[in-house]
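# Tertiary structure, described
Below, each chain spelled out in residue letters.
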Amino acid sequence: MSKDEIQFPITFVVFDMEWNQPISYMPSPVNPKDLPGEIIEIGAVKLTMESETCFSMSRPFSIIVKPQFYKIMNRQVSRVINKNTDDLKRGVTFPEAYDYFLKWCGDDYVLCAWGDSDISILKSNLKIHGMPAEVNERFLDIQPLFGRIAENTAQQRSVAYAVDFYRIPQTDDFHSADKDAYYEARILKETLTDYFVMCRKENANEDIEIPRLKHYISNPNLNTQYRWKTGVFPNEKEAVARALKEELHCPVCSELIKATLEWFSSGHTWMSLWQCAEHGPLTAKIRAKKTPQQEFYGSGQLRFVNGNAARYVQEKWEEKQKKGSETEELPEKCSENVQNCEQL
Ligand SMILES: [Zn+2]
């Protein structure tokens, strides 16, 4: 019945990791940019839906990983997760731990986490160990889904906030991977319950339109952005005008895409929304930037977004409509606000 065409049963693997970080005053065995955090614990819980109302939750998966690079506990990290350097001497190697984890996950599931940092840390750990950095091709970030479904907001909330929001009994402290994964799975269960209630309301009433779950599930292995820049112009207005003319293609399939919300300005940024029929919603942004020679170029970025971030752009647009047609024209003298920027 759902417009998402969710096939039941469906399994969500909610995972959470703890990682140690390099210590700034000590020589690092690897470039911290390549490895911002080394995984020391993986926790996960499976949430399976047999139907829109029937959930089951697995026992938590938990494994301790012995770090190979950052073997001394970073003090800031230690304060949060309550572990010390001695704790880092136990556990299995990362490749072993990840292998266990994948076996435990099974075949057909949606990988889930709170925020997108766990996925990016996971990828950096896979790369540093010379393992393929491709992860499960369906990934759901619970944080923006919770924000949109529970509170209709783009604000980023913490796990603790969402646990309070849904009055989930809190029996353990946060910041151990398996406990956090458990709480995140509970939040996901509540959020999905709310979501399917909304779906049923929508089916009964044509006027209601709700966010689509599928717009929160993305493929983390895809190249998800495209950047472009124009030549230089004597003023900001021309540079932006040129950048606005760029024909945009989906960064994944290269198909020409269509705007679902035309370009509008918000301060010095121009924004718009796009859609690839196959790969989902994208936002595009343009800003004028200044060269050291005091000339201007337009700099654009197109990237895939979850439904919540897309909604945020929509809200900016609505805000602007409310204010009326104040300044659609670019102000003539606004160069102080233009970023001095050479990168990109
Ligand atoms: Zn596409």
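Heads up: these notes are all about the structure in this document. Just so it is clear, the structure is predicted and the values come from calculations on it, not from any experiment.

### Here we look at the coordination of the zinc ion
Cys250 (SG), Cys253 (SG), Cys276 (SG) and His279 (ND1) make up the full set of protein donors to the zinc ion, lying at 2.2 to 2.3 Å. Here the donor residues for the zinc ion map to a single chain with the spacing C-x2-C-x22-C-x2-H. Residue Cys253 is found in the loop between helix H7 (236-244) and strand E9 (258-266), and its partner His279 is found in the loop between strand E10 (269-276) and strand E11 (280-290); the two are separated by 26 residues along the sequence. Cys253 gets classed as partly exposed once you look at its relative accessible area, which sits at 29%. Given a relative accessible area of 27%, His279 falls into the partly exposed group.

### Here's the deal with the pattern of salt bridges
Counted under the stated rule, the structure contains 10 salt bridges. Ionic pairing is found between Asp99 and Lys103, a salt bridge with its closest N-O pair at 3.1 Å. One end of the pair is Asp99 and the other is Lys103, both in helix H2 (residues 94-105) and 4 residues apart, which spans about a single turn. The partner of Glu151 in a salt bridge is Arg157, and the shortest N-O contact between them spans 2.8 Å. It is possible to trace a salt-bridge network through shared partners that takes in Arg148, Arg311, Glu315 and Glu318.

### Some details on the environment of Gln21
Summarising the element assignment, Gln21 is placed in the loop between strand E1 (10-20) and strand E2 (38-49). Since its relative accessible area comes to 32%, Gln21 is described here as partly exposed. Taking the C-alpha atoms as reference points, Gln21 and Phe139, 118 residues apart in sequence, are found 25 Å from one another. In this structure Gln21 touches Pro36, Gly37, Tyr70, Asn74 and Val77, once residues within four positions along its chain are discounted.

### Some words on the packing of aromatic side chains
Inspection of every chain in the model, using the stated rule, returns 16 aromatic pairs. With a centroid separation of 6.0 Å and 45° between ring planes, the pair formed by Trp114 and Phe146 is classed as tilted. Of this pair, Trp114 sits in the loop between strand E5 (110-113) and helix H3 (117-128) while Phe146 sits in helix H4 (residues 142-151), placing them 32 residues apart in sequence. Arranged with centres 5.0 Å apart and planes meeting at 55°, the rings of Phe174 and Tyr183 form a pair that is tilted. Feature note: the residues Phe15, Phe61, Phe94, Tyr98, Phe101 and Trp104 constitute an aromatic cluster, connected by ring pairs. Above the ring of Tyr161, the side-chain terminus of Arg157 is found at 4.2 Å from the ring centroid.

Cut-offs used in this document
Residues numbered from 1 in each chain as written. Predicted model: local features only at pLDDT ≥ 70, side-chain atom pairs only at ≥ 80, totals over all residues. Heavy atoms only, no water. Donors = N, O, S within 2.8 Å, 3.2 Å for Na, K, Ca; no water. Helix = DSSP H or I, 4+ residues; strand = E, 2+ residues; numbered from the N terminus. Buried < 20%, exposed > 50% of the residue type's maximum accessible area, 1.4 Å probe, protein only. Salt bridge = Lys/Arg side-chain N within 4 Å of Asp/Glu carboxyl O. Contact = heavy atoms within 4.5 Å. Phe/Tyr/Trp six-rings, centres within 6.5 Å; stacked < 30°, edge-to-face > 60°. Lys NZ or Arg CZ within 6 Å of the ring centre and 35° of its normal.

Any link to function would need more than the numbers given here.
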